[in-house]
Amino acid sequence: MAELIKVFKENVPAMRFIGKKYPDFGGWWGEWFANGWFDTIEKAMGGVDAILNIWENGAGYVGLERRCDGQPFEYWIGMFTPAETRVPDGFAFIDFPAISLGTCWIYGKEDEVHDTSECLPAVKSNNMEPWTDDRGGIWSFENCLCPRYTTPDENGNVIMDYCYYVK
């Protein structure tokens, strides 16, 4: 069973998320790898060092979510890039301001760490309030980083970062 092993606040600069919007969670990730779309975004930003130079936990493959009562759920797959990165043809983008993240590290088997239900209460109990966009939406995301997420430890476990934009 997965467990939260760390909750912390980190400051991030203004960034651009580049990706594609989907109707819901699903099997969309396979097409990203098959089509080399992460490579396309990495090339557009001039290599992953471009994001790592401004955010130490950048360069992850991201499942971005927006929730707001009375509005459709939004799910995006893509990557964060420096704010002025050119958007490649066929992709969409969302610009985020310089702000903070409430980050949770979820430790467990790869098929267990996607249960993020404990993260929002943990963020709030650590005195962080979710930031809302101009339409009242709360943004959060799975940040699948190498090697924390991609390389299991001696127990076969990984760490997935789950982040909320916070005030």
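On a predicted model such as this, the values are computed, not experimentally measured, just so you know.

Draft legend 1. Spotlight on the overall build of the chain. Summing up its helical and strand segments, the chain has four helices and eight strands in all. N-terminal to C-terminal, the α/β element order of the chain is β-β-α-α-α-β-β-β-β-α-β-β. The C-alpha atoms of the chain give 15 Å as radius of gyration, which agrees with the globular expectation for 167 residues (15 Å, within 12%). Its C-alpha atoms give the chain principal-axis dimensions of roughly 40 × 40 × 30 Å. Residue pairs at least 24 apart in sequence account for 76% of intrachain contacts in the chain once pairs closer than 6 positions are excluded. As displayed, the chain offers around 8,300 Å² of accessible surface, 51% of which is attributable to carbon and sulfur atoms. If the 14 positive side-chain charges of the chain are averaged to one point and the 26 negative ones to another, these points end up 6 Å apart.

Draft legend 2. Expanded view of the nonpolar core. If you look at the biggest cluster of nonpolar residues, it comprises 29 residues, and the most contacted ones within it are Leu 64, Phe 80, Phe 96, Phe 141 and Tyr 165. Here the element with the most residues in this core is strand β4 (residues 74-82); it accounts for five residues. Every residue in contact with Phe 141, bar those within four places of it in the chain, is listed here: Trp 55, Val 62, Gly 63, Leu 64, Phe 80, Leu 101, Asp 161, Tyr 162, Cys 163 and Tyr 165. The next biggest cluster of nonpolar side chains, apart from the first, holds 14 residues, and it includes Tyr 149, Val 158, Met 160 and Val 166.

Draft legend 3. Representation of the side chain of Arg 16 in the model. The topology assignment puts Arg 16 in strand β2 (residues 15-22). Since its relative accessible area comes to 12%, Arg 16 is described here as buried. A polar side-chain atom of Arg 16 sits 3.5 Å from the main-chain carbonyl oxygen of Ala 83. Sequence-distant contacts of Arg 16, that is, excluding residues within four places in its chain, are made with Met 79, Phe 80, Thr 81, Pro 82, Ala 83, Glu 84, Thr 85, Val 87, Phe 93, Ile 94 and Asp 95.

Draft legend 4. Molecular detail of the sheet that holds strand β3 (residues 61-67). In spatial order, the strands read β1-β6-β8-β7-β3-β4-β2-β5; together these eight strands make up an open sheet with antiparallel pairing. Looking at which strands have only one partner, the edges of the open sheet turn out to be β1 (3-12) and β5 (92-96). When strand polarity is set aside, the average angle formed by the axes of neighbouring strands in this sheet is 30°. Lying over the sheet, helix α2 (residues 37-44) contacts β2, β3 and β4, oriented at roughly 35° with respect to β4.

Draft legend 5. Representation of the pattern of salt bridges. Scanning all chains against the criterion turns up six salt bridges. Arg 67 serves as the salt-bridge partner of Glu 65, at 2.5 Å between the closest nitrogen and oxygen. A relative accessible area of 3% places Glu 65 in the buried class. Arg 67 gets classed as partly exposed once you look at its relative accessible area, which sits at 39%. Linking Glu 74 and Arg 135 is a salt bridge whose minimum nitrogen-to-oxygen distance equals 3.4 Å. Of this pair, Glu 74 sits in strand β4 while Arg 135 sits in the loop between α4 (119-125) and β7 (138-144), and the two are 61 residues apart along the sequence. The exposure class of Arg 135 is partly exposed, given its relative accessible area of 46%.

Draft legend 6. Quick look at unusual backbone geometry. The step from Cys 146 to Pro 147 runs through a cis peptide bond, and the omega angle for that step is 5°. Residue position: Pro 147 is located in the loop between β7 and β8 (158-166). Non-glycine residue Ala 59 carries a positive phi angle of around 80°. You can see Ala 59 is positioned in the loop between α3 (49-52) and β3. Even without being a glycine, Asn 127 presents a positive backbone phi close to 60°. By the secondary structure assignment, Asn 127 is in the loop between α4 and β7.

Definitions and cut-offs
Residues numbered from 1 in each chain as written. Predicted model: local features only at pLDDT ≥ 70, side-chain atom pairs only at ≥ 80, totals over all residues. Heavy atoms only, no water. Helix = DSSP H or I, 4+ residues; strand = E, 2+ residues; numbered from the N terminus. Rg over C-alpha atoms; globule rule 2.2 N^0.38 Å. Contact = heavy atoms within 4.5 Å. Areas by Shrake-Rupley, 256 points an atom, 1.4 Å probe, with all protein chains shown as cover. Lys, Arg positive; Asp, Glu negative; His and termini not counted. Charge placed at Lys NZ, Arg CZ, Asp CG, Glu CD. Core = buried A, V, L, I, M, F, W, Y, C linked by side-chain atoms within 4.5 Å. Buried < 20%, exposed > 50% of the residue type's maximum accessible area, 1.4 Å probe, protein only. Polar contact = N/O pair within 3.5 Å; in protein donor to acceptor, adjacent residues only side chain to side chain. Pairing = 2+ DSSP bridges. Axes fitted to C-alpha atoms, helices over the stretch in contact; angles between N-to-C directions. Salt bridge = Lys/Arg side-chain N within 4 Å of Asp/Glu carboxyl O.

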